[in-house]
Structure formats: structure tokens, C-alpha cells
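If you want the building blocks of each chain, they are given just below.
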Amino acid sequence: MNNSGLCFCGSTISFQDCCQKYIAGTEKAPTALALMKSRYSAYATHQADYLLNTTHNSQRKYYSREEILQWATANQWQKLEIISATEYTVEFKAYFLDGNKQSQIHHEFSTFKKENGNWFYVDGKFE
Ligand SMILES: [Zn+2]
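Some points on the nonpolar core
Now for step 1: In this structure, Phe8, Cys9, Cys19, Ala32, Leu35, Met36 and Tyr40 are the most contacted members of the largest nonpolar core, which totals 32 residues.
Now for step 2: The set of elements that each furnish at least two residues to this core consists of helix H1 (20–23), helix H2 (32–44), helix H3 (48–53), strand E1 (76–85), strand E2 (89–97) and strand E4 (118–126).
Now for step 3: Considering every element that reaches this core, the biggest residue donor is H2, with 9 residues.
Now for step 4: Apart from residues lying up to four places away in sequence, methionine 36 is in contact with Val90, Phe92 and Ser110.

Next comes the structure, spelled out in C-alpha cells:
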């Protein structure tokens, strides 16, 4: 839980009622946007397994659990801003402090795919 008690993804409800239920696996993310937000919250809470498991299996070989965990824990995740979203895409900015406490923005245009009722992150274009 962050200081405000609200979910990391910027919603107006608690983490428990928001992204945590997707991360814990008690519910499936209903949309690409919900999945994307839960992945951001998973970075904020260092849930590398969830991040790997929600990456489409065609892309999973490009990631390692250790690298994801390293990236998640090295940075301090501050906020998520959704720029735009369609059924299969989300453009967002993730604000974070890097290991040197410098403000950084990760601006990405992500693509998602739904298979057997589950949404997966496929890939992203970023600066
Ligand atoms: Zn959330």
C-alpha cells in the first residue's frame, strides 16, 4: 500500500480492491488497460512472477525474472499516467526515481493480446 492508501495505478480505490486481485490471480484483468495498470502495480510491489506470466509466451524468452525484479526494485515507482487506450493498446507514462534518485519518465506505447480469456502484454515501443 502506498501513502495515500489508493492503488499504485492511480485509481481511486485501494490496491486490495484494484490491481491486487489480478496480481493475486483471484480475478482476471478484464481489459488490456486493466492488465497494463496491474503490471505497473506489479512493478511497484516487485511481483516479477506476475510480470513474466502476463507477458505473451511468444515474447517471454526475451525477459528474465531476475532482470524484471532488478528493474522493479532499482526504481521507485511514483505514478502512472494513461495517455490513451484502445482495446489492444495502451500509451502511458510511468514516473519513477532511478537508483540515483533522478526523476525519470518511461513513455511507452504497448500492445496486448487476449488468449483463452487472459490478456497478455506483447510488446512496446518506447523512447
Ligand atoms: Zn490499480
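The discussion continues.
Focus: the pairing of E2
Now for step 1: Side chains of E2 alternate between two faces, with Val90, Phe92, Ala94 and Phe96 buried and Thr89, Glu91, Lys93, Tyr95 and Leu97 left unburied.
Now for step 2: Pairing of E1 with E2, which is carried by 8 bridges, proceeds in the antiparallel orientation. Its bridge partner lying in E2, tryptophan 77 is registered against phenylalanine 96.
Now for step 3: Taking the residues between adjacent antiparallel strands as the criterion, E1 and E2 are bridged by 3 residues.
Now for step 4: With 9 bridges joining them, E2 and strand E3 (residues 103–115) adopt antiparallel strand pairing. Looking at the pairing, tyrosine 95 lines up with isoleucine 105 of E3.
Now for step 5: Counting the residues between successive antiparallel strands, the hairpin from E2 to E3 contains 5 residues, one of them, lysine 101, with a positive phi of roughly 60°.

Considerations on H2
Now for step 1: Here H2 spans 19 Å end to end across 13 residues, near enough to the 18 Å set by a 1.5 Å rise per residue.
Now for step 2: With 13 of 13 residues buried, H2 is to be regarded as a mostly interior element.
Now for step 3: Just downstream of H2 lies histidine 46, where phi reads positive at about 60°.

Notes on the environment of glycine 10
Now for step 1: Turning to its location among the elements, glycine 10 is positioned in the segment before H1.
Now for step 2: C-beta crowding within 10 Å serves as the criterion here: with 15 such atoms nearby, glycine 10 is assigned to the partly exposed category.
Now for step 3: Linking glycine 10 and serine 41, residues 31 residues apart in sequence, is a C-alpha distance of 9.4 Å.
Now for step 4: In this view, glycine 10 contacts Lys79 and Leu80; residues no more than four positions away in its chain are not counted.

Let's talk about unusual backbone geometry
Now for step 1: Positive phi outside glycine occurs at histidine 46, with the angle close to 60°.
Now for step 2: Mapping histidine 46 onto the fold places it in the loop between H2 and H3.
Now for step 3: Even without being glycine, asparagine 116 reaches a positive phi, approximately 50°.
Now for step 4: Along the chain, asparagine 116 falls in the loop between E3 and E4.
Now for step 5: Its 5 C-beta neighbours within 10 Å are what place asparagine 116 among the exposed residues.

Calculation criteria
- Residues numbered from 1 in each chain as written.
- Predicted model: local features only at pLDDT ≥ 70, side-chain atom pairs only at ≥ 80, totals over all residues.
- Core = buried A, V, L, I, M, F, W, Y, C linked by C-beta atoms within 7 Å.
- Buried ≥ 20, exposed ≤ 12 C-beta atoms within 10 Å, placed from the backbone.
- Helix = DSSP H or I, 4+ residues; strand = E, 2+ residues; numbered from the N terminus.
- Contact = placed C-beta atoms within 7 Å.
- Pairing = 2+ DSSP bridges.
- Expected span 1.5 Å × (residues − 1).

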